[in-house]
Amino acid sequence: MNNSPLSNKNNRESVSISDELHPYNVDNIDGQIQNLLTTMSKVGFLIDVEVINNLEVEVEDLLKKLSVRIFHHIGYDINLNSSKQIAKLLYEDLELPSGKKKKTGFSTDEVTLKKIKKLHPIIPLILEYRTVYKLKSTYLESLRCRIEEDGRIHSTFLLDVASTGRIVSRDPNLQNIPIRGSWGEKIRKAFIVPCEKILIAIDYSQIDLRVLTHFSKESKLIEAFKQNQDIHLSTAMEIFNKKASDITADERRIAKTVNFGIIYGISPHGLSESLEINQKQAAYFIKTYLDKYPQVKQYLDLSRQNALKNGYTETLGGEKRYIPELKSKNHFIRSSGERMAINYPIQGSSAEIIKLAMLDIDCEFVRRKLSSSKMILQIHDELVFEVENEEKDAVIKIVKEKMENVVKLIIPLKVSIKEGVNWGEMTEILKLEMAIK
DNA sequence: GCATGATCC
DNA sequence: CACCTGGATCATGCA
């Protein structure tokens, strides 16, 4: 049992990593991390209830205005929370072109509505209504009701829920608090720390693509990561065959979507949907990518073949996931299995890496007696800490060191570090204090 | 209790 | 030819 890399740091570091399938010992990571997750839950995240209350007023006002404007356009009232009534309004009463049919009717989700949003002025209003209603119900009212007597929200963190080994947060989920757009910042400003403390957030930079690079040993990706290049720009240069200075923002965006798509096992159809381009172009991007990164193509092919042969795929640490879908006669189910076979080793290994880093960090906090600084949240590739001001420099140094060195891949792992007095106004720390050893 | 659609990585 | 991006939680409508 004390085989664990965490009770014996040297054990893990002494393992040869270059040719071994299992570069580190992950025996019972989940068993060891359970206590840490329970502690995170008990510590909780301090909330400024005034920020929530003020936002609720603002949001309710906006919702009222939006619904009045929508009803004014159409001349009668409907329940804007009912997708069925929205579908009837758009596709029957207004006779707008409907997209694909679902089980029960025509879809009215964001992707579908964005395609027809220029055809009627209420469509953007409906989309805004949905966004703001979600904010009100899930991220304001519901969250406010979950503030406990200590002024904090105590989420529950679970293992053994996600099939990839990721940690899950629920009751409430603090892993999907909005971050994009102005609402994201406004909501996150309600997540605070006590006086004399500061919030530190550290996230892995491109961990999934680094894991893919490690597995595939793709020389172009290795080179890019070793030189710490902008990976999406680098991909854009390959698939568009241009030098960096000629790559447009749009081309970089396309490359970024292709990069993520590769990890998910995306099809030309899926890529065409998310990029809003035709399937032929999407297929061309995927083909070009695989031509330019032949070792990735080889790795993906091998990944599928081995999964079919063995019935499972595995992570860096040897954690297996059985994928019976690969043997299905149904093409849809089988393709889904193939995507799992591609994605699981990558997502699962990333999850392992951060869980190991969490354990290392926890051990080091204990050893260094940094008792006032607490890990309070994990969001898949990111850790959030509530930190005593005096301990800040030490915490940052420890967390960065542990996260970047927890396992040795064939390329470096990198983190970016942010600090702030609340979760909505975080600023990146580029220059580390070199004072403390 | 399922379907839908919103949020996150 | 169709349709097919991995992993989650949560609120609401509706049968």
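These lines cover the structure that appears in this document, whether it is placed above or below.

Rules and cut-offs
- Residues numbered from 1 in each chain as written.
- Chains lettered and ligands numbered in written order.
- Predicted model: local features only at pLDDT ≥ 70, side-chain atom pairs only at ≥ 80, totals over all residues.
- Heavy atoms only, no water.
- Helix = DSSP H or I, 4+ residues; strand = E, 2+ residues; numbered from the N terminus.
- Buried < 20%, exposed > 50% of the residue type's maximum accessible area, 1.4 Å probe, protein only.
- Contact = heavy atoms within 4.5 Å.
- Areas by Shrake-Rupley, 256 points an atom, 1.4 Å probe, with all protein chains shown as cover.
- Lys, Arg positive; Asp, Glu negative; His and termini not counted.
- Charge placed at Lys NZ, Arg CZ, Asp CG, Glu CD.
- Pairing = 2+ DSSP bridges.
- Axes fitted to C-alpha atoms, helices over the stretch in contact; angles between N-to-C directions.
- Parallel < 35°, antiparallel > 145°, perpendicular 65-115°, else oblique.
- Left-handed = near helix turned anticlockwise from the far one by under 90°.
- Nonpolar A, V, L, I, M, F, W, Y, C, P; charged D, E, K, R; others polar.
- Near = heavy atom within 4 Å.
- Polar contact = N/O pair within 3.5 Å; in protein donor to acceptor, adjacent residues only side chain to side chain.

### Things to note about the overall build of chain A
Okay, step 1: Along the backbone of chain A there are 16 helices and twelve strands.
Okay, step 2: The proportion of buried residues among the 437 residues of chain A is 48%.
Okay, step 3: Relative to all contacts within chain A whose residues are 6 or more apart in sequence, the contacts with residues 24 or more apart total 65%.
Okay, step 4: Carbon and sulfur atoms make up 50% of the accessible area of chain A, which amounts to about 22600 Å² in all.
Okay, step 5: Distance from the positive charge centre (64 side chains) to the negative charge centre (60 side chains) of chain A: 5 Å.

### Digging into the sheet that holds strand E2 (residues 152–153)
Okay, step 1: One open sheet holds the three strands; their spatial order is E2-E1-E5, and the pairing between them is antiparallel. What marks the edges here is a single partner per strand, and that holds for E2 and strand E5 (191–192).
Okay, step 2: Two strands pair when backbone bridges link them, and strand E1 (residues 45–47) and E2 are joined in this way by two bridges, in the antiparallel orientation. When the sheet's bridge partners are listed, Leu 46 is paired in E2 with Arg 152.

### Here's the deal with the packing of helix H3 (residues 49–74) against helix H6 (residues 122–145)
Okay, step 1: H6 packs onto H3 with a crossing angle of 150 degrees between their chain directions and a minimal axis gap of 9 Å. Taken together, the axis directions place H3 and H6 in an arrangement best described as roughly antiparallel. For the crossing formed where H3 meets H6, the hand is left-handed.
Okay, step 2: Classifying every residue of the contact of H3 with H6 by side-chain character gives 18 nonpolar, two polar and seven charged.

### Description of the protein's contact with DNA strand B
Okay, step 1: In the neighbourhood of DNA strand B, 22 residues make up the surrounding shell, with Thr 104, Thr 108, Arg 166, Asn 176 and Asp 381 lying closest.
Okay, step 2: For DNA strand B, the fraction of protein-proximal atoms (within 4 Å) that sit in sugar or phosphate groups is 87%.
Okay, step 3: For DNA strand B, a phosphate oxygen lies 3.0 Å from a polar atom in the backbone of Glu 110.
Okay, step 4: Arg 130 has a polar side-chain atom sitting 3.0 Å from a phosphate oxygen of DNA strand B.
Okay, step 5: Ranked by residue count, the leading element in the surface near DNA strand B is H6, at four residues.
Okay, step 6: Of the residues contributing to the surface near DNA strand B, the split by class is five nonpolar, eight polar and nine charged.

### Focus on the protein's contact with DNA strand C
Okay, step 1: Not every one of the 37 residues close to DNA strand C is listed here, only the nearest: Ser 82, Asp 171, Tyr 264, Gly 270 and His 331.
Okay, step 2: The sugar and phosphate moieties of DNA strand C supply 66% of its atoms located within 4 Å of the protein.
Okay, step 3: In the model, a phosphate oxygen of DNA strand C is placed 2.7 Å from a nitrogen or oxygen of the Gly 270 main chain.
Okay, step 4: Of all elements in the fold, only helix H4 (83–93), H6, strand E4 (168–170), helix H12 (268–275) and helix H15 (331–367) reach the threshold of two or more residues within the surface near DNA strand C.
Okay, step 5: For the surface near DNA strand C, the element with the most residues is H15, which contributes seven residues.
Okay, step 6: Grouping the constituent residues of the surface near DNA strand C by class yields nine nonpolar, 21 polar and seven charged.

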